Amino acid sequence: MILGQEPILLTPGPLTTSPATRQAMLRDWGSWDAQFNRITASLCRDLVDIVHGGDDYVCVPLQGSGTFSVEAAIGTLTPRNARILVPDNGAYCQRILKICRYLGRDAVALPIPEDQAASAAAIDEALSRDPSITHVAQVHLETGAGVLNPLADIARVCQKHGKGLIVDAMSSFGAVEIDVRSMPFDALIAASGKCLEGVPGMGFVIAKKTVLEASGGNSHSLAMDLHDQYTYMQKTTQWRFTPPTHVVAALRAAVDQFLAEGGQPVRGGRYQRNCRALVDGMASLGFRPFLDAEVQAPVIVTFHAPTDSKYDFKAFYAAVRERGYILYPGKLTQIETFRVGCIGAIDDNEMRNVVTAISQSLASLGIRRVAPLTRAA
């Protein structure tokens, strides 16, 4: 890595941002300033437009990480006597189950192997078997392994049974097509520091207006009450409590770049090329992805760890970092892995440089055995 040069973040957020996005944070804003409030309003309109929400959906921003907004959505948009089905194929699905426990919402896990996508047929069966279920909470892209779940099929099943659908689209929003006209949902949650290529610090919930307006009194928390946040913003144009002004300004700049690039189809295409360059390059070194190609999202790739006795993730991480890249540890429960993100203000040429850095790191550590591993039984 060149002295003074910041490493490239190959993580599912925070990620490497553009100079224009970073530049947007150099100005200070007053939280009641009319110009700042216009930035918030324009952002909310543009975020709804990305999913073609029209006048039926609204965007409610919230301070904090994406998990804050997931908790706020569940706590606000489901009644306290809700029964929530959570298809579980990874760590972020399990986080939703934990949130439900904290909120006192009755949750039903639908276990799915970590290397498989959620099955709309299995969800259909679960809803038929238990009509007391009121909602489905679905992670669209489970970044524990990188699995893309079939949102359109799942949305149709929920619509068929008349169940509310809450979508954690944290790592898919902006990269993978989401169209509420063909994928109806009650709410979708994402955040600033993911595929929109902003900086972390703000989540947002795109909610069906009728559902949100009927949700008053559901939340246990003032700070996390989306209904109260929405109502206050409608009356005043302001955030209820101190907003993350620099994060909002950076996201405005990032969304401007997203739209100029061509929106989701072009952004997603760039990530697809990044992913392909990464997977092909890693294959040339002997690595194989944990997931089959048909369920692999172009956002983060999980690789089996080398079986060489000299392999240690911390040492490997440090060696790759010295060469300019930040990797991500594995998050699977049964198999040792590491993850490489494909998102951020980077292109496929950068991904080829990543492969070179990994190759050099393996050589420096004396790691020679990087054989394709069979999936655990």
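Calculation rules
Throughout this document, residue positions are counted from 1 along each chain, in the order its sequence is written. Under the rules for a predicted model, residues below a pLDDT of 70 receive no local features and side-chain atom pairs below 80 are neither given nor counted, while totals for whole chains, interfaces and linings still include all residues. The side-chain figures draw on all heavy atoms in the structure; neither hydrogens nor water molecules are used. Where a domain begins and ends is set by an automatic assignment or by a domain database. Should any heavy atoms of two residues lie within 4.5 Å, those residues are counted as being in contact. Accessible area, probed at 1.4 Å, shrinks when two parts are joined; the buried area is that loss added up over both. Think of a salt bridge as a Lys or Arg side-chain nitrogen and an Asp or Glu carboxyl oxygen that are within 4 Å of each other. UniProt positions are given in the numbering used here, feature names are shortened, and annotations may be inferred rather than shown by experiment. We count a stretch as a helix when DSSP gives it H or I for four or more residues in a row; a strand needs E for two or more, and each element gets its number in order from the N terminus. Partly exposed residues are those whose accessible area sits between 20% and 50% of the maximum for their type, while under 20% is buried and over 50% is exposed, using a 1.4 Å probe and protein chains only. A 3.5 Å cut-off defines polar contacts: any pair of N or O atoms within that distance qualifies, except that in protein one atom must be a possible hydrogen donor and the other a possible acceptor, and neighbouring residues in sequence count only when both atoms are side-chain atoms. In this scheme, patches are assembled from residues that exceed 30% relative accessible area and form no salt bridge. Like charges are connected within 9 Å, while nonpolar side chains (Val, Leu, Ile, Met, Phe, Trp, Tyr) are connected within 5 Å. Here the Shrake-Rupley method, with its probe set to 1.4 Å, supplies the accessible areas, and only the displayed protein chains count as covering residues. Charge convention: Lys and Arg are scored as positive, Asp and Glu as negative, and His as well as the terminal groups of each chain are ignored. The atom standing in for a charge is NZ when the residue is Lys, CZ when it is Arg, CG when it is Asp and CD when it is Glu. Directions pointing from the helix axis toward each C-beta atom define the arc. For our purposes a nonpolar core is just a set of buried Ala, Val, Leu, Ile, Met, Phe, Trp, Tyr and Cys residues, chained together by side-chain atoms within 4.5 Å. A pair of aromatic rings is counted whenever rings of Phe, Tyr or Trp (Trp by its six-membered ring) have centres within 6.5 Å, and the orientation is called stacked for planes under 30 degrees apart, edge-to-face for over 60 and tilted otherwise.

Colleague: A description of the domain arrangement of the chain should follow, citing residues and the corresponding values.
Modeller: Each assigned domain of the chain is listed here: domain 1 (8-14 + 263-365) and domain 2 (19-261). Centre-to-centre separation of domain 1 and domain 2, based on C-alpha positions: 27 Å. Listed per partner, the contact involves 26 residues of domain 1 and 27 residues of domain 2. Interface area for domain 1 against domain 2, summed over the two sides, is near 2300 Å², with a carbon-plus-sulfur share of 55%. Counting the surface domain 1 buries against domain 2, the share from its top three residues, Gln264, Arg267 and Lys331, is 26%. If you look at where domain 1 meets domain 2, you find four salt bridges. The salt bridge involving Glu197 is made with Arg270; its shortest N-O contact spans 2.9 Å.

Colleague: Now, about the UniProt feature "binding site: substrate" (unreviewed entry) in the chain: what can you tell me, with residues and values included?
Modeller: UniProt marks Arg339 with the feature "binding site: substrate" (unreviewed entry), using the numbering shown here. Examined against the element boundaries, Arg339 turns out to sit in strand 14 (residues 337-341). Classification of Arg339 by relative accessible area gives buried; the value is 2%. In this structure, Arg339 is in contact with Leu10, Thr143, Gly144, Ile300, Val301, Thr302, Leu327, Tyr328, Pro329, Gly330 and Lys331, ignoring residues within four places of it in sequence. One polar contact links the side chain of Arg339 to the main-chain carbonyl oxygen of Thr143, over a distance of 2.5 Å.

Colleague: Any chance you could break down a positive patch on the surface for me, citing the residues and the numbers?
Modeller: On the surface, Arg95, Lys98, Arg101 and Lys331 cluster together to form a positively charged patch. Position of Lys331 relative to the elements: it lies in the loop between strand 13 (328-329) and strand 14.

Colleague: Please provide a residue-by-residue account of the pattern of salt bridges, values included.
Modeller: For the coordinates displayed, the defined rule picks out 14 salt bridges. Across the pair Arg83 and Asp106 runs a salt bridge whose closest N-O atoms are separated by 2.5 Å. Taken together, the positions of Arg83 in strand 3 (residues 83-88) and Asp106 in strand 4 (residues 106-111) put the pair 23 residues apart, joining distant regions of the chain. Judged by its relative accessible area of 37%, Asp106 falls in the partly exposed class.

Colleague: Any chance you could break down helix 11 (residues 313-322) for me, citing the residues and the numbers?
Modeller: Each full turn of the α-helix corresponds to 3.6 residues, which orients residues three or four apart in the same direction. Among all positions of helix 11, only Phe313, Phe316, Ala319 and Val320 are buried. Axial view of helix 11: buried residues confined to an arc of 130 degrees, hence all on one face. Across from the buried face of helix 11, at angles greater than 90 degrees, the exposed residues are Lys314 and Glu322. Lining the buried residues of helix 11 we find strand 12 (325-326), strand 13, strand 14 and helix 12 (348-365). Two residues or fewer after helix 11 comes Gly324, characterised by a positive phi angle close to 105 degrees.

Colleague: Please give an account of the nonpolar core that cites residues and values.
Modeller: Grouped together as the largest cluster of nonpolar side chains are 52 residues, with contacts concentrated most on Phe173, Phe185 and Ile206. The contacts of Phe173, once residues within four sequence positions are left out, are Leu47, Ile50, Val51, Ile178, Leu188, Ala190, Cys195, Leu196, Phe204 and Ile206. Judged by nonpolar contacts, the second largest core, of 33 residues, contains Leu62, Val70, Ile96 and Ile166.

Colleague: Quick rundown of the packing of aromatic side chains? Include the residues and the values.
Modeller: If you walk through the whole model with that rule in mind, you get nine aromatic pairs. With a centroid separation of 5.3 Å and 70 degrees between ring planes, the pair formed by Phe173 and Phe204 is classed as edge-to-face. Of the two residues, Phe173 sits in the loop between strand 8 (164-168) and strand 9 (187-191) while Phe204 sits in strand 10 (residues 202-208), which places them 31 residues apart along the sequence. Each member of the pair, Phe173 as well as Phe204, carries the same accessibility label: buried. Between the aromatic rings of Phe316 and Phe338, the centroid separation amounts to 5.2 Å while the plane-to-plane angle is 65 degrees, which identifies the pairing as edge-to-face. In this pair, Phe316 sits in helix 11 while Phe338 sits in strand 14, placing the two residues 22 residues apart along the sequence. Here a set of aromatic residues connected by ring pairs shows up, and it is made of Phe287, Phe303, Tyr311, Phe316 and Phe338.

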